[in-house]
Amino acid sequence: MASVAWSSTRWHSCSGTMEWEEEAACVIMCASVKYNIRGPALIPRMKTKHRIYYVTLFSIVLLGLIATGMFQFWPHSIESSSDWNVEKRSVRDVPVVRLPADSPIPERGDLSCRMHTCFDVYRCGFNPKNKIKVYIYSLKKYVDDSGVPVSNTISREYNELLTAISDSDYYTDDINRACLFVPSIDVLNQNTLRIKETAQALAQLSRWDRGTNHLLFNMLPGGPPDYNTALDVPRDRALLAGGGFSTWTYRQGYDVSIPVYSPLSAEVDLPEKGPGPRRYFLLSSQMAVHPEYREDLEALQAKHGESVLVLDKCTNLSEGVLSVHKRCREHQVFDYPQVLQEAIFCVVLRGARLGQAVLSDVLRAGCVPVVIADSYILPFSEVLDWKRASVVVPEEKMSDVYGILQSIPQRQIEEMQRQARWFWEAYFQSIKAIALATLQIISDRIYPYAALSYEEWNDPPTVKWSSVSNPLFLPLIPPQSQGFTAIVLTYDRVESLFRVITEVSKVPSLSKLLVVWNNQNKNPPEDSLWPKIRVPLKVVRTAENKLSNRFFPYDEIETEAVLAIDDDIIMLTSDELQFGYEVWREFPDRLVGYPGRLHLWDHEMNKWKYESEWTNEVSMVLTGAAFYHKYFNYLYTYKMPGDIKNWVDAHMNCEDIAMNFLVANVTGKAVIKVTPRKKFKCPECTAIDGLSLDQTHMVERSECINKFASVFGTMPLKVVEHRADPVLYKDDFPEKLKSFPNIGSL
Amino acid sequence: MQSWRRKSLWLALSASWLLVLLRVFPLLRLAVPTRPWAGAPQGWPRWLDAELLPHFSQPGELPKDDLQPPRGPRGGSCDWGSCFDVSKCRGGRLKVFVQPVAGPISDAHRGILASIESSRYHSVSPDEACLLLGLEAPAGECSPVPPQWNGGRNHLVLSLHPAFCPQTFQLGQAMVAKAGPTVDTFRPGFDVALPLLPEAHPLRGGAPGQLGQHSPHPGVPLLALAEERGGWRTAGADSSACPWDGRCEQDRGPEQTHPGATLPNATFCLIPGHGPDALHFLQALQAGCIPVLLSPRWELPFSEVIDWTKAAIVADERLLFQVLTALQEMPPTRVLALRQQTQFLWDAYFSSVEKVIHTTLEIIQDRIFGASAHPSLLWNSPPGALLALPTFSTSPLDFPFYHLQRGSRPTGRFSALIWVGDPGQPPLNLIQAVAGSQHCAQILVLWSSEKPPPLRWPKTAVPLTVLAGQRKASDRFLPHTAISTDAILSLDAHSSLTTSEVDFAFVVWQSFPERMVGFLTWSHFWDEARGGWGYTAERANEFSMVLTSAAFYHRYYHTLLTHSLPEALRTLADEAPTCADILMNFLVAAVTKLPPIKTPGGPESQPPAQDCINQMAAEFGSMPLVSSRLRLDPVLFKDPVSVLRKKYRSLEKP
C-alpha cells in the first residue's frame, strides 16, 4: 500500500522534469506547482468493497469453469463424435458416373489466355479478407460406356492436396460464392489417365463453363514419345498449375508453375545441415540422364577429379534393397538422398520432362541446384527469386559449368544454400505447401493491393526478423517552407506554458502550435488569455491523462516535422530550435533532439543501465525537445510492439525512451543530438532531497530500457560519438556573419 | 496490513489454480471431440482408406523418364535460350554495336547514338560485339534490313517511340524493346518492355521527381483520374465512389479538371486501361502519385527486373469498387512506401532517355552473365542498378549504399591514399599522423611526380606501399587493387591533419558510409550575373563539397568513377586537380542525393583554381550538389566540462 501511494506523491514533486532540471534553468517554481506535466497517477484504494468484488468475481469464474467441464464431459458429445466435422467413408463407395462416348470434349488449352481475358473476376466479388474462395467438387468415379474406369479414382497426393485446400482459409462449400473451382478429377500424372475420357469428365462438371475459373493440378505432363511440357488433356480456359512448363506452353500471369513433388520428402528423415564447406563441389545424382549429357558430366569428373561426383543407377544391388534410395559410382554405393548433403552444387538436368523431382531433394539437402534445362519455367517463378537460390546454366554451356560455379564468391554460395533450404521448407516440403502457395499466387493476382511482397515470399524467417525496413527510405530533404508543428504537452502549468509558447513562436520555421491539454479536471485558460502569436494555435483536450497523448497523430498536424516540447523548456533559444529544424531536414528519418542520453551494459548486474552523465557517446535523445517525422506518431500509437504503450501510461514515465526504441528499431539508425549541452541546475529540485530522487529516477529509467529491450527482443539503439553543430560553431569567425550565432548560450 | 497480506496470498493461490485449469482445458478438449454445429462447412471427406490410396507416381517411375533429345522451339517463336547466342559475349561485360542508319537522322536519334557511344557498353566493331542494336527511326522513316542482320540473331530492335510504319523486314530472332507492349505479344525473358516516352523527354539528367515530402499532405485529394485528352481530374476521398468518367456525370461538384500535361497532385492516380497509357503512367511516377493501372493487359516497363508491386497497383477495372475501397483503406505504411518507391524508380530508370537505354542494356547484360547479375535488391532500392555495378560485387554489403538501409555499419579499418604530385616532397609528417590512428590499416603513396620516389620511407606501425602514378589528376580515383579496405582516406601531400581528427572523422564515416566525410569545404552557388554556377572556398554557413585532399569515402566510388562516367568527364578532371575534386563530389551527390559531411579540423581550404563546375553540370545534365548547414562534432566538443572526460580532446585546440 505504501509503495503505491509513494509513486503517486512522487509525481507531485518536480521529479518528472528531473531530466531537464539537472541541466536546464528551472525558471518556474517547481515547489509552488501542484501538479507537473505528467499529472497525478491513480491511487488504488483497496477497501472492503473490493474484497466483496473479488470474492464475487472469483466465484463466477469458478462456476463458469465447472459448467464448462460438465458440458465437455456430457455423454451425448461422445456418442455423436462419429459424424463430427467431416464424414468418413471409403473411396470405393463414391458414386459412379458413366460417360457416354459422344459426350462433349472441351477445346484444347487456349494459349492466349490471360487473367483479364479468360478469368471471370466477377465471381470473386468483395471479400474483406482479400482471399479467393475455392470450391472442391465432390469425388466421383468416372467410367466409360463399357464400364472401364477412366483413371485411378484419386491418388494419395491429390487427396492430400484437396484436404489441404479444404482445411485452409480459401475453402468454401458454397458453390455459388466460389471464385475458383477445383475438380476432384486427379490429373497429377498424365500417364495414369485416359486423355479423351478425362476431358469428357471435366466437361460435364456442373460449373465447367468452358473451364472458366477452374484450376487443374498436374505434376507429370506429357507422355511418350514427344513429352509435351503441359498437360495434354483438353481443358479449354482452365488454369493449369503444372510441373515442368516450358516458355512455349506457360501462360505467364495465368498458369502457375509448381514443383514436382518428391515422395522421398515424406519417406526419408533428413536432418537439416547448415551451409558451409562440403566434400564435393559438384554432384550429379540423377539416374536417367541423356547419354550425351552423361558424357559431358563424366568429362567434368575426369577433369576435376575428387571434387566432382557423377552418380548413376545401381546395377548390382542385393534383393530387397530399394533401388530408389541408392546411387552408385562404379562399385561404390551411396545413400540417396543423404549424399546430396555432401555437395555444394547439385546438377538438376532435364530428362524427357523438364520438371524433375530431384530439384526438391536437392533443395532439401541445402545443395545449390544447378539447373540445366533450357526454357524450363522454375517452380513458382512468378514470385520466387531463383537467382538467390540456384544457378541456371544453358545446356550448350554445360562443359563450362565448373568454371561458372567457381566464379561465385563463397559468401554468396552460403547465402544460396540457406535460401535453397528455405524454399524447400516453405514451398516444396509437402503437398500442402505446394497447394497453398499456388492458391496464394492466384489470390494475389485478383487482390493485388493485398498481395504478399517480394520480401515476404523470398526472405527466410531469420532475415525477416533481423532486417530493418526504414519507412522513410527515400533520400529526400523536405523544403524549408513546409516548417514544423510544435506540440506542447501540458497539465496545468499555465504560466510556464505561456512562456514556452512565446519562445517557440519566435522560431521562423514554426507553422503551427498545438497544445495538448492533458488535465481533465480543469479547463484550459480562456482564449483571450493566451499569448498572441503569429501562427495558428490549437488546443486539444484529451480524454485521459496519459503520456502517450503526446505522440498521438492528431489531424491538426499538417507538416511532416513535429517538434515535441515540454511545457517547461524555456531555455532553448530561437536559433537553437531553428537549427534543430534545419538538421531534421537533413535527417528526416531520425529523432533530432537536444539533451542526449546513453544506454550502457552493466557487467556487474548483467543488464542495461541508463546514463545521463557527460559521456562521449549518445544513443537516445529526450523528447522533451525533439524533432521527428509525424509518421512516428502513427507508429507509436498504433504499431508499438507488446505492452509498451500501456506500460508507459501506467508508469507515467519513459515515453521518450519508448520513442527512441521504436524509431531506432524501425529505421536501424542512430539519433542526432544537436547543439552543446546546457548546464543548469534546478535549485528547488535539489532542495527536496534531490539526490535520492535522482537515484530512483535513474533506476526507473534503467528498468524501462531493460523492459523495452526484452519486448523488442533485441537492443535496437545505436551508439554514436557525434552531435550536430552549425558549420561555423565556435569557429574564429565574426559572430554577426553566422547564421545561428545564439547557440549554446545562457 | 495482516489481513491484506493474507488476502493477497489467497488471491495469488486461486489465480494460479485458475491458470492450471486453463492450461489443462485445451488438453481435455483434444481428448473429447467437439460436437458438430449446424451449417459447419462440409469439407473434403476424410477417407477411411486414405492410407491405402496409390501414389500419383510409383517410386521407380520418376527417374525413369524416357530418354529424349532436347527439342528446339516450335513455330518460329523465340526465347532467350533458343534465340540468343551467349557464346559471343566474353569478358564479363556487354559489348554493343549500333547498326549504322542510312540517310539523314534526327537530332534525338543522334543524341541517343552519342549517348551509347560514350557509354561503357559501346563497341566499335560488329565482330567483337555480342549485341547488335538497331534503332528504329522515331517517325516515318522505315529502315531497311540492316547489314549483319543474320536472321536477327543477337539483335535488339529498340523502338522508343511507337512506330507507325509497317515492319519492312521480318524480326526473326531479334529481341524487341518497345514501349507499352501487351502481355499477349510480349515474350517474357526475351523482349524488353520500355516506357512510352514523351517527345520532349530529356536525353540526359532529366527532371527530378516532384515529391516534396514523404507522406501525403493532409489536404491533397486521394485520387486523380487520367483523362483521355491527357490531363488529370482529381476527386476527393468522399466522391471516390465514382471517379470514373461517364459513369457519374451528374456529380462533378468537388472535382476539378487540370488542362494540359500538368502533373497530378493526388495520392493515387487511376489510369484506365483502354490504350497504352504510358504517358500518364510516367507522369504519375514523376509526381509521386501512386499509379493504379486498371488493366493487367500491359506489360509494365522493365518488369523483368523492377518489382512494380512496390510502386504501383495493377488492378482489374472489372473490380473497380473493390479497388477503390482497398485504396481508401490502405494503411499509411504502405502508402508511404509506394510513394517513395515511385520517386526512386523515376530517378533511377525513367527520367532521361539515356537512363532508359542504359537500363535496357543492363537487363540484357544481367541475362547474359546470370551468375554475376544484379540481385533484386540492387534493382529495387536506391540508388538503383545502374549505379551499383555488378562487376564490383553482387553482395549488397560490399557497396556503401545498403549498410544504413539494413541498420548495419561497415566494419574494418581504412586505407590512407596519399597522392604526391610535383614537386615530389614525401609527406613525412602526414604519414606519421595518419599511421598513428588506431583505425589505419595501410598507407598507400601514389607517387605522381617527375622526381623518383625516395628509397627509404619512415618506419610506420602499418604497412606502407608506394604505387606508381601516371601523372594524371584522375589517377587517384582509379580502383587500385592495393586498396584492401572499404574506407579510403584520400590525402594530398600538403594536407595536414592530426591523428585525433582522422580518428573522429573515420568513426563518423562509419555512420554514413555512403557519403564523403571531409574537413575542408567548398560551396556552390548560382551566379546571377554570369548566368552560371560558381563556387567558393570562403568559409560560409553552408557547404556542398568536401575536398578530396582530406576526405573519407567508400572505395566503390573509385570503381564507379572509372567505369561508369563518360570519358569526357574524366578528361575534364585530368585538366586540373580541383576539377577532380568537383567530379568526385558531383558523382557522390548524384548517387546519394545527399550532402557531404564536415567534421572539425583541417587547415584553410585553397581557393579553387579553375572553373569547371559548369561543364560538369552540363555533362551530368543537372546540378546534383546538395548543401548542408551542419558540422558533426564530438558529443562533448568545446563543452564546459573537464578535458579529461573528452575522448577527442586534441580537437579542442582553437
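Everything numeric in this text was worked out from a predicted model, so none of it was measured.

Along the backbone of chain A there are 22 helices and 26 strands. Taking all 746 residues of chain A together, the buried fraction comes to 60%. For chain A, the accessible surface area stands at approximately 30,300 Å², while carbon and sulfur atoms represent 54% of it.

Across its full length, chain B carries 15 helices and 23 strands. Scored against the burial criterion, the 654 residues of chain B give a buried share of 56%. In the form shown here, chain B has an accessible surface area of approximately 27,400 Å², with 57% of it arising from carbon and sulfur atoms.

Ring pairs (aromatic) are described by centroid distance and by the angle formed between their planes. All names here are of chain A. Counted under the stated rule, the structure contains 54 aromatic pairs over all chains. Ring geometry for Y135 and Y137: centres 5.6 Å apart, planes at 85°, overall edge-to-face. Under the relative-accessibility criterion, Y137 is labelled buried at 6%. Relative to F708, the ring of W647 has its centre 5.8 Å away and its plane inclined at 75°; by these criteria the two rings are edge-to-face. Remark: F708 occurs in helix α22 (residues 690-712) and W647 occurs in helix α19 (residues 644-651); sequence separation between them is 61 residues. With respect to class, W647 is no different from F708; both count as buried. Taken together, F380, W386, W422, F423, Y427, F428 and W457 form an aromatic cluster joined through their ring pairs.

To continue, consider the interface of chain B and chain A. Contacts between the two partners involve 138 residues from chain B and, on the opposite side, 161 residues from chain A. Carbon and sulfur atoms make up 59% of the area that chain B and chain A hide from each other, which totals about 13,300 Å². One can count 10 salt bridges joining chain B with chain A. R46 of chain B serves as the salt-bridge partner of D167 of chain A, at 3.1 Å between the closest nitrogen and oxygen. Applying the counting criterion to the chain B and chain A interface returns 55 residue pairs in polar contact (both at pLDDT 80 or more). Where the side of chain B that touches chain A is concerned, the elements lending two or more residues are α1 (2-31), β1 (46-47), β12 (313-314), α5 (320-328), α6 (332-350), α9 (402-405), α11 (499-511) and β23 (630-634) of chain B. Looking at which element gives the most residues to the side of chain B that touches chain A, the answer is α1 of chain B, with 11 residues. Along the lines of polarity and charge, the residues of the side of chain B that touches chain A split into 70 nonpolar, 31 polar and 37 charged. Of the strand pairs in this sheet, strand β26 (residues 722-726) of chain A and β23 of chain B are connected by 5 bridges, and their pairing is antiparallel. Note that in β23 of chain B the partner of H722 of chain A across the bridge is P634 of chain B.

Attention now moves to the state of the cysteines. All names here are of chain A. Tallied over the full model, the rule gives 8 disulfides over all chains. There is a disulfide in this structure between C124 and C179, and the S-S distance comes to 2.1 Å. Classification of the bridge connecting C124 and C179 rests on its S-S torsion, roughly 65°, and on that basis the disulfide is right-handed. With C124 in the loop between α5 (115-118) and β3 (134-136) and C179 in the loop between α6 (156-167) and β5 (180-182), the pair connects residues that are 55 residues apart, well separated along the chain.

All names here are of chain B. Note that R339 resides in helix α6. A polar side-chain atom of R339 sits 3.4 Å from the main-chain carbonyl oxygen of S215. If near-sequence neighbours (up to four positions away) are discounted, R339 is found in contact with L211, Q213, H214, S215, P216, G288 and I290.

All names here are of chain B. Most of strand β3 (residues 131-135) is tucked away: 5 of the 5 residues are buried. Burial of the side chains of β3 extends over both faces: L131, L133 and L135 are buried on one face and L132 and G134 on the other. With 4 bridges joining them, β3 and strand β4 (residues 155-159) adopt parallel strand pairing. From the neighbouring strand, L133 faces β4, where its bridge partner is L156.

Further remarks concern the confidence of the model for chain A. All names here are of chain A. For chain A, mean pLDDT is 86; residues scoring 70 or higher make up 87% of the total. Here residues 39-46 is modelled with pLDDT under 50, and outside its nearest four sequence neighbours on either side it reaches 16 contacts, counting other chains as well. Of the regions scoring below 50 in pLDDT, residues 75-85 engages in 16 contacts with residues more than four places distant in sequence or in other chains.

Before going further, it helps to spend a moment on the domain arrangement of chain A. Residues and elements named next belong to chain A. In terms of domains, chain A is made up of domain 1 (90-261 + 430-463), domain 2 (265-315 + 322-425) and domain 3 (480-678 + 689-724). Both faces considered, domain 1 and domain 2 share a buried interface measuring about 2,300 Å² in area, 59% of it formed by carbon and sulfur atoms. Put simply, domain 1 and domain 2 have 2 salt bridges between them. We note a salt bridge from D459 to R388, for which the minimum N-O separation is 3.0 Å. At the boundary of domain 1 with domain 2, the tally comes to 15 residue pairs in polar contact (both at pLDDT 80 or more). Counting residues per element, the ones that place at least two in the side of domain 1 that touches domain 2 are β8 (256-257), α13 (431-446) and α14 (454-458). Among the elements that make up the side of domain 1 that touches domain 2, the one with the highest residue count is α13 (5 residues). Residues belonging to the side of domain 1 that touches domain 2 are distributed by class as follows: 18 nonpolar, 11 polar and 3 charged.

Next up on the list: helix α12 (residues 556-564) of chain B. Residue and element names in this part refer to chain B. Among the 9 residues of α12, 7 are classified as buried, and the element is accordingly described as predominantly covered. Within α12, burial applies to Y556, Y557, H558, T559, L560, L561 and T562. Elements in contact with the buried residues of α12: β13 (414-420), β16 (487-492), β21 (550-554), α13 (567-575) and α14 (577-592).

The next point concerns the sheet that holds strand β7 (residues 239-242) of chain A. All names here are of chain A. With respect to topology, 3 strands assemble into an open sheet ordered β6-β7-β8, the strand pairing being parallel. Strands with a single pairing partner mark the edges of an open sheet, and in this sheet they are β6 (215-218) and β8. Across 2 bridges, β7 lies against β8 in parallel orientation. Across the sheet, residue A241 finds its bridge partner in β8, namely V256. On the sheet, α13 packs against β6, β7 and β8 and is oriented at approximately 145° with respect to β6.

Let us look at the confidence of the model for chain B. Residue and element names in this part refer to chain B. Averaged over chain B, the pLDDT score is 82; the fraction of residues at 70 or greater is 82%. The low-confidence segment residues 237-260, where pLDDT is below 50, has 47 contacts with residues more than four positions distant or belonging to other chains. For this predicted complex, the interface confidence reaches an ipTM of 0.88, while the overall pTM sits at 0.86.

Let us now look at the environment of V371 of chain A. Residues and elements named next belong to chain A. Turning to its location among the elements, V371 is positioned in strand β14 (residues 368-372). Using a relative accessible area of 3% as the deciding quantity, one classes V371 as buried. A sequence separation of 337 residues divides V371 from F708, and the C-alpha atoms of the two residues are 47 Å apart. Here V371 is in contact with V348, Y376, L378, S390, V391, V392 and V393, once residues within four sequence places are set aside.

On to the sheet that holds strand β21 (residues 596-602) of chain A. Residues and elements named next belong to chain A. Strands sit in the order β22-β21-β23 across an open sheet of 3 strands; the sheet is antiparallel. The strands lining the two open edges of the sheet, one partner per strand, are β22 (607-611) and β23 (620-621). Pairing geometry for β21 and β23, over 2 bridges, is antiparallel. Residue pairing across strands places R597 opposite M620, the latter belonging to β23.

Looking now at the nonpolar core. All names here are of chain B. Within the largest apolar cluster, 131 residues are counted, with the highest numbers of intra-cluster contacts made by F414 and I443. Among the elements that line this core, the one with the most residues is α14, at 10 residues. Setting aside residues up to four positions removed in sequence, I443 forms contacts with A416, I418, I431, V434, A435, V462, P463, L464 and T465.

Looking now at a nonpolar patch on the surface. On the surface, a nonpolar cluster with roughly 550 Å² of combined accessible area is contributed by Y53, Y54, V55 and L57 of chain A together with W10 and L11 of chain B. Among the elements of the structure, α3 (48-73) of chain A together with α1 of chain B are those that each provide at least two residues to the nonpolar patch. Here the element with the most residues in the nonpolar patch is α3 of chain A; it accounts for 4 residues.

Turning our eyes to something else, we now look at the environment of P291 of chain A. All names here are of chain A. The residue P291 is located in helix α9 (residues 291-304) in this model. Given a relative accessible area of 44%, P291 falls into the partly exposed group. Separated by 90 residues in the primary sequence, P291 and S381 place their C-alpha atoms 29 Å from one another.

Further remarks concern helix α7 (residues 353-368) of chain B. Taking 1.5 Å as the rise per residue, α7 of chain B with 16 residues should run 22 Å; its terminal C-alpha atoms sit 23 Å apart, in good agreement. When you tally the buried positions in α7 of chain B, you get 15 out of 16 residues, the bulk of the element.

Cut-offs applied
- Residues numbered from 1 in each chain as written.
- Chains lettered and ligands numbered in written order.
- Predicted model: local features only at pLDDT ≥ 70, side-chain atom pairs only at ≥ 80, totals over all residues.
- Heavy atoms only, no water.
- Helix = DSSP H or I, 4+ residues; strand = E, 2+ residues; numbered from the N terminus.
- Buried < 20%, exposed > 50% of the residue type's maximum accessible area, 1.4 Å probe, protein only.
- Areas by Shrake-Rupley, 256 points an atom, 1.4 Å probe, with all protein chains shown as cover.
- Phe/Tyr/Trp six-rings, centres within 6.5 Å; stacked < 30°, edge-to-face > 60°.
- Contact = heavy atoms within 4.5 Å.
- Buried area = accessible area lost by both parts, 1.4 Å probe.
- Salt bridge = Lys/Arg side-chain N within 4 Å of Asp/Glu carboxyl O.
- Polar contact = N/O pair within 3.5 Å; in protein donor to acceptor, adjacent residues only side chain to side chain.
- Nonpolar A, V, L, I, M, F, W, Y, C, P; charged D, E, K, R; others polar.
- Pairing = 2+ DSSP bridges.
- Disulfide = S-S within 2.5 Å.
- pLDDT = per-residue confidence, 0-100.
- Domains from an automatic or database assignment.
- Axes fitted to C-alpha atoms, helices over the stretch in contact; angles between N-to-C directions.
- Core = buried A, V, L, I, M, F, W, Y, C linked by side-chain atoms within 4.5 Å.
- Patch = residues over 30% accessible without salt bridge, like charges linked within 9 Å, V, L, I, M, F, W, Y side chains within 5 Å.
- Expected span 1.5 Å × (residues − 1).

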